[in-house]
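One letter stands for each residue in the lines below.
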Amino acid sequence: MTNDVIIHDVVVVGAGLAGTWAAMTAAENGVKDVAILSKIHPLRSHSGAAQGGIAAVLNNVRPVAGTGPRGPLEQIPPGEDPVDSFDLHMFDTIKGSDWLGDQDAIEILVKDAPDVVVQYEHMGCVFSRTPDGRIAQRRFGGHSAPRANFSADRTGLVLLHTIHEQALYHNVKFYSEWYVMDLIIEDNIARGVVAINVLTGKIQMIRAKAVMFGTGGYGQAYKVTSNAYANTGDGVAMAYDAGAPLMDMEFVQFHPTGLYRHGFLMTEACRGEGGYLINKDGDRFMSKYAPEKMELAPRDLVSRSEQTEINEGRGVMEDGQGLFLDMRHLGREKIMERLPEVRDLAIAFAHVDAIDEPVPIQPTAHYSMGGIPTTADGEVLANAKGDLVTGFFAAGEVACVSVHGANRLGTNSLLEASVFGRRAGHAIADFVKGGAKLYPVTSDPVKRNHQQVQQLFDNDGPELVEDIVQELKTTMTNKAGIYRNEEDLKSALDTIHRLQQRFKNIRVMDKSSRFNTNLSMTLEAKHLLTFSEVIVQGALNRTESRGAHSRTDHPKRDDESWLKHTMAHKGEDGRPQLSYKDVTLYWDRFPPQERKY
Amino acid sequence: MSNDNTQRTVTVSIQRFDPDVDKKPHMQDYQVEMTKGMTILDALHEIKTHQDGSVTYRRSCRHGICGSCAMLINGRNTLACKTPLIDEVGHKNRVTLGPLPYLPIIKDMVVDRTTFWEQYLRVKPWLIPPDDIPEKEFRMSKEEVNALHDAESCIMCGACYSSCTVIGLNKHYVGPHALLKAFMRVMDPRDEAPGQRLADLDGADGVYRCHTVFNCIDACPKGLNPTQAIETLRKLAQKRKKFETTRRKRQQHLHEPIPAK
Ligand SMILES: Cc1cc2nc3c(=O)[nH]c(=O)nc-3n(C[C@H](O)[C@H](O)[C@H](O)COP(=O)(O)OP(=O)(O)OC[C@H]3O[C@@H](n4cnc5c(N)ncnc54)[C@H](O)[C@@H]3O)c2cc1C
Ligand code: FES
């Protein structure tokens, strides 16, 4: 089987911001042989869909004095006092996380931020600018100073292109359209991955001294979602199947402004720039739920408020499941300069021009707070005690450091993917140059995966994969969504177990080897079923409400019992085994408080 | 604007081709129940997941930002995810789909983009910064940023590339997508090597190969204007030395605030 093996010093899975930063940084720091595998072309990665901005304390702008929290911004004249600080960014992030974020990791996130953003700029990223030529900044939900650095409303696109160009410049080798289907961990040492070359259908093993996952989020488990088709949580499912733990999976963020019915994102920058949320009576309903921050309260709170408005009959559109995002008062010029892409989206998909009409929106599944637990250098934890899996790294949305805790603030995740992708790159370089070994693979993973694919092809059962996926998505949205309770979660767990059984009777329609996306979609469906069970089990056990996890039967946060991270391992019986890990808090600086906005 | 409340069965006619089994491409028809707001990509998803899993196309983001799903829809290159089905089926209740033209077919709507990406690499898409890097950001004016708007909005979907008649005849031509990227680097005040870049594009397969047929503008789903960028590059290539001098002067002030107007 030797012709099936490829060897590199480092293999990175995922070509979004996290994976590409790691690969580029490792290469820049002297590792010669770095490869990235991506199931879609690197520039198609979902990081490119990010709109609003990337957080960093730069102190380039401030609110105009006397205009209040929603007033206009101006550049800070040279020599005048800053309005923002690391402590403030930390506090906002910690409060946003409902105190579940690890404060040592948050400190690193915040302090590395200005340097990462400036590095992007030096690498040629095109940011919007202040009149005197500095990087422009806007407000974002849950942030108490304007610190979202942006490029109109296509920030992710320009960041992704910039870092991809740099990786090319540093001779990182790209395997584009290679679907990774298995992670090889033996004796707690990562030894490589197994992947399908999508073009030929050939299954190959890629061995490496270090394996890094930057495979992105898991929003495709929900029916209404802002996430791409590719966001099927492959990385979390593969790591879990290979014996690594998953952390805080029950925390899934719903974004308040998905385009009604479609779920595509209308960036929070719409509200950051001054947009209103309106119910059927024309009221700015956020005044009831967050009188101070109004529309710029954090996402969990705004989404819950919207859901309450909808549940109490104040929604809009024929089914009452929508609300309005009103930007008309911003005026044509501002919308064209700062929000051209979302305006275009609303015209294309809702036939509404935001300049003249309010845009119908609804909450949409958006971000995966949970993931593979890591240190602040991207090293993957093997357990709650803090032991490591040798040679295995992760960063970005697939990972859980944890900087977002129970709820992420907007613009903190492009930042997370960049900061921790870069840190993982440094750690990988040190690891490889420090004499890491290429460990042999003793089992035959290629054969195992061949057999799995053959079984899927031979199966020819009565079930269509899509029917199973659709039932899963509906169940997750209705029973493990914005509001949760014991009865619903139990029923969701039952449904998932039933769907896992039904999956054994599926049929793959395309059995060819050339560019078989029917096969990859089937493997993705299996991943959805795997990690959704972990989400629901974690949510069922956690009998409190914290951040994005909101239990109607346990409406209060319970620090006494639940100020801790959920860790899930795959048990002998194939079911998640939960354990818990302490949260790192700086008790003297940021002790838990009631979370009010 | 779409009239959205027409629920009916429509025919989606797809050009099928798997080089491993087919001698040449053939058309295959599928019936789809058109629902409100359905896009071409939604219709393809319905066909692939419920009728025929072998129908093959690329897609990811679903909303026109990742550039995966460009294909030939009723004879026009565009994004399947941003095209409403109802706008395309007409009174015959029928839409025809195929791969982007001028590129080798891998399977059905999936084309081989090797030359497309090679040309992108050829223009050295990365910034070549000056030696003197400031501690904070380089200063750029709003006007300088605006000039890059078209180039930085490009999603590399290839709709322009495969509508270009020059590409149809000559795969050595750099192509509109890569020239737009080159334009972005040439125009960026932070780039140190605009002269070298312009010299590289000056050859027979560079800026002069464009016949200004404007197909790329019609094809671009983001409404960008590669032809104009190419024309600008052509003009600058003619006064390359002068442009280099201007750039060098500009770079002396890259660390300083943009003066107020
Ligand atoms: C619409 C939208 C807007 C957003 N806006 C913002 C914003 O304004 N600010 C902000 O901070 N955050 C934003 N976010 C969140 C942020 O964009 C993401 O969290 C971040 O980009 C994730 O980056 P990543 O590198 O971890 O993963 P991704 O960019 O998702 O990349 C994942 C990579 O993994 C690869 N991959 C996955 N599975 C496999 C497999 N099995 N085999 C091979 N390759 C695989 C994919 O091909 C891809 O290359 C937004 C998210 C969405 C959905
Ligand atoms: S699916 Fe991303 S552009 Fe169409």
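Nothing here was measured: the structure is a model prediction, and the numbers come from that model.

**Quick notes on helix 14 (residues 486–503) of chain A**
Residues and elements named next belong to chain A. An ideal rise of 1.5 Å per residue puts 26 Å on 18 residues; helix 14 measures up with 26 Å between its terminal C-alpha atoms. Buried within helix 14 we find Leu-489, Ala-492, Leu-493, Thr-495, Ile-496, Leu-499, Gln-500 and Phe-503. Down the axis of helix 14, the buried set is contained in an arc of 165°. They therefore lie on one face. Seen from the open side of helix 14, the exposed residues pointing more than 90 degrees away from its buried face are Glu-487 and Asp-494. Where helix 14 is buried, its residues contact helix 13 (465–479) and helix 15 (517–541).

**Details of helix 10 (residues 226–238) of chain B**
Residues and elements named next belong to chain B. Compared with the 18 Å implied by 1.5 Å per residue over 13 residues, the 19 Å span of helix 10 between its first and last C-alpha is a close match. Residues of helix 10 that are buried: Pro-226, Thr-227, Ala-229, Ile-230, Leu-233, Arg-234, Leu-236 and Ala-237. Looking at the packing, one finds that the buried side of helix 10 touches helix 7 (176–187), helix 8 (194–201), helix 9 (215–219) and helix 11 (240–251).

**A word on the pairing of strand 19 (residues 388–394) of chain A**
Residue and element names in this part refer to chain A. Here strand 19 lies mainly inside the structure; five of its seven residues are buried. When strand 11 (residues 202–213) meets strand 19, the two strands line up parallel, connected through three bridges. Of the residues in strand 19, the one forming a bridge with Val-211 is Phe-392.

**Description of the sheet that holds strand 13 (residues 252–259) of chain A**
Residue and element names in this part refer to chain A. Across the sheet, which stays open at both edges, the four strands sit in the order 13-16-15-14 with antiparallel pairing between neighbours. Two strands in the sheet have a free side with no partner beyond their single neighbour: strand 13 and strand 14 (276–278). Strand-to-strand twist in this sheet, taken as the mean axis angle between neighbours without regard to direction, amounts to 45°. Bridge analysis of strand 13 against strand 16 (residues 359–368) gives six bridges, and the strand direction is antiparallel. The residue bridging Gly-258 from the neighbouring strand is Gln-362, located in strand 16.

**Focus on the state of the cysteines**
Scanning all chains against the criterion turns up zero disulfides over all chains. The thiol sulfur of Cys-270 of chain A is not disulfide-bonded, and the nearest other cysteine sulfur, from Cys-61 of chain B, lies at 17 Å. For the unlinked cysteine Cys-154 of chain B, the closest cysteine sulfur is that of Cys-160 of chain B, found at 6.4 Å.

**Regarding the packing of aromatic side chains**
Evaluation of the coordinates by the stated rule reveals 15 aromatic pairs over all chains. Arranged with centres 5.3 Å apart and planes meeting at 90°, the rings of Tyr-222 of chain A and Phe-254 of chain A form a pair that is edge-to-face. Highlighted residues: Tyr-222 of chain A in the loop between strand 11 and helix 5 (234–241) and Phe-254 of chain A in strand 13, separated in sequence by 32 residues. We note that Tyr-222 of chain A, like Phe-254 of chain A, is buried. Taken together, the aromatic side chains of Phe-116, Trp-117, Tyr-120 and Tyr-161 of chain B make up a single cluster linked through ring pairs. The residue whose ring lies beneath Arg-138 of chain A is Phe-150 of chain A, and the NZ or CZ to ring-centre distance is 3.8 Å. A cation over an aromatic ring shows up here: Lys-564 of chain A above the ring of Tyr-580 of chain A, its NZ or CZ 4.7 Å from the ring centre.

**What about unusual backbone geometry?**
Glycine aside, a negative phi is what most residues show, and trans is what most peptide bonds show. All names here are of chain A. Residue Ser-402 is bonded to the preceding Val-401 through a cis peptide linkage, with omega at 5°. With respect to the secondary-structure elements, Ser-402 resides in the loop between strand 20 (399–400) and helix 11 (412–433). One non-glycine residue, Glu-177, lies in the positive phi region at around 65°. One can find Glu-177 in the loop between strand 8 (173–176) and strand 9 (178–186).

**A look at the pattern of salt bridges**
All names here are of chain A. Here the structure, examined in full by the defined rule, presents 72 salt bridges over all chains. Here Arg-191 ties to Glu-186 by a salt bridge, and the two come within 3.7 Å at their closest N and O atoms. For the residue pair Arg-191 and Glu-186, the accessibility class agrees, reading buried in each case.

**Side note on the domain arrangement of chain B**
Residues and elements named next belong to chain B. Partitioning chain B into domains gives domain 1 (8–111) and domain 2 (114–251). Placing the centre of domain 1 and that of domain 2 at their C-alpha centroids yields a distance of 31 Å. Domain 1 puts 12 residues into the contact, and the matching count from domain 2 is 16 residues. A per-residue breakdown of the area domain 1 buries against domain 2 is headed by Asn-77, Tyr-102 and Leu-103, which together make up 49% of the total. Taken together, domain 1 and domain 2 are joined by zero salt bridges. There are four residue pairs in polar contact (both at pLDDT 80 or more) connecting domain 1 and domain 2. When the residues that make up the side of domain 1 that touches domain 2 are grouped by side-chain class, the tally is eight nonpolar, four polar and no charged.

Rules used in this analysis
Residues numbered from 1 in each chain as written. Chains lettered and ligands numbered in written order. Predicted model: local features only at pLDDT ≥ 70, side-chain atom pairs only at ≥ 80, totals over all residues. Heavy atoms only, no water. Helix = DSSP H or I, 4+ residues; strand = E, 2+ residues; numbered from the N terminus. Expected span 1.5 Å × (residues − 1). Buried < 20%, exposed > 50% of the residue type's maximum accessible area, 1.4 Å probe, protein only. Arc of directions from axis to C-beta. Contact = heavy atoms within 4.5 Å. Pairing = 2+ DSSP bridges. Axes fitted to C-alpha atoms, helices over the stretch in contact; angles between N-to-C directions. Disulfide = S-S within 2.5 Å. Phe/Tyr/Trp six-rings, centres within 6.5 Å; stacked < 30°, edge-to-face > 60°. Lys NZ or Arg CZ within 6 Å of the ring centre and 35° of its normal. Salt bridge = Lys/Arg side-chain N within 4 Å of Asp/Glu carboxyl O. Domains from an automatic or database assignment. Buried area = accessible area lost by both parts, 1.4 Å probe. Polar contact = N/O pair within 3.5 Å; in protein donor to acceptor, adjacent residues only side chain to side chain. Nonpolar A, V, L, I, M, F, W, Y, C, P; charged D, E, K, R; others polar.

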